[in-house]
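Single-letter residue listing:
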Amino acid sequence: MASRRNVHYSRLSNEEEDGYDYFHDDNDGLKGRRHDPRFDYTPRAFDKVPWKSIALALFLLFLGVFLLFLSFFILTGHMGGEPSQAYGLLALGVLTFLPGFYETRIAYYSWRGANGYRFASIPAY
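Residues numbered from 1 in each chain as written. Predicted model: local features only at pLDDT ≥ 70, side-chain atom pairs only at ≥ 80, totals over all residues. Heavy atoms only, no water.

Undergrad: Pulling in residues and values, what's your account of the side chain of Ser110?
TA: Positionally, Ser110 belongs in helix α3 (residues 83-112). Here the side chain of Ser110 touches Ile106 through a polar contact of 2.7 Å, landing on its backbone oxygen. Setting aside chain neighbours within four positions, we find Ser110 in contact with Tyr117, Arg118 and Phe119. (Helix = DSSP H or I, 4+ residues; strand = E, 2+ residues; numbered from the N terminus. Polar contact = N/O pair within 3.5 Å; in protein donor to acceptor, adjacent residues only side chain to side chain. Contact = heavy atoms within 4.5 Å.)

Listed below in C-alpha cells is the structure:
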C-alpha cells in the first residue's frame, strides 16, 4: 500500500460561525443558533402519496405477469409459437415484473404503516 507522507494536513478553525446562517429573531428563542436548511423536517412532504408512480408500478407489475404467462404458455405448447419468442417474452416479463413488484411492495407497506417504509422512498414523477 502506498504511503501518503507528502500530504500536509492543517487544523480546522475552532470558530463555529464559519459559513452558517443564524436566526436573528428574538421571538422564537433561537437567536445565535445555527440554521442548516438540510435538516428542515416537514412530515407532510414525506407522507404525500405519489399516485402516478404507484400507477406506473401497478402497470409494470401486471404487464410483467402477463408477459410471463405468455412465455410460459408458449414454452409448454399451450399456445403456438417458437421457443425463441417465448424466451424473448420471458426476458421482457422479468424486466417489467421486478421493478413493478418492488415499487408496489414499498407502496403497500407504506400504506399499511410498516416500520421503515414511507411513501418518500418511491420516486415521484
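The rest of the description comes next.
Undergrad: Lay out the packing of helix α2 (residues 51-76) against α3 in plain terms, naming residues and giving numbers.
TA: Pairs of packed helices are described in terms of their axes, by the angle between the two and the distance that separates them. Look at α2 against α3: their axes get within 6 Å of each other, and the N-to-C directions meet at 150°. In terms of orientation, α2 lies roughly antiparallel with respect to α3. Both α2 and α3 take part in a crossing whose hand is left-handed. When its residues are assigned to classes, the contact of α2 with α3 shows 22 nonpolar, six polar and one charged. (Axes fitted to C-alpha atoms, helices over the stretch in contact; angles between N-to-C directions. Parallel < 35°, antiparallel > 145°, perpendicular 65-115°, else oblique. Left-handed = near helix turned anticlockwise from the far one by under 90°. Nonpolar A, V, L, I, M, F, W, Y, C, P; charged D, E, K, R; others polar.)

Undergrad: Residues and numbers for the nonpolar core, please.
TA: Residues Ile54, Ile106, Ala107, Phe119 and Ile122 constitute the largest nonpolar core, which totals five residues. Not counting chain neighbours up to four residues away, the residues in contact with Ile122 comprise Pro50, Ser53, Ile54, Glu103, Ile106 and Ala107. (Core = buried A, V, L, I, M, F, W, Y, C linked by side-chain atoms within 4.5 Å. Buried < 20%, exposed > 50% of the residue type's maximum accessible area, 1.4 Å probe, protein only.)

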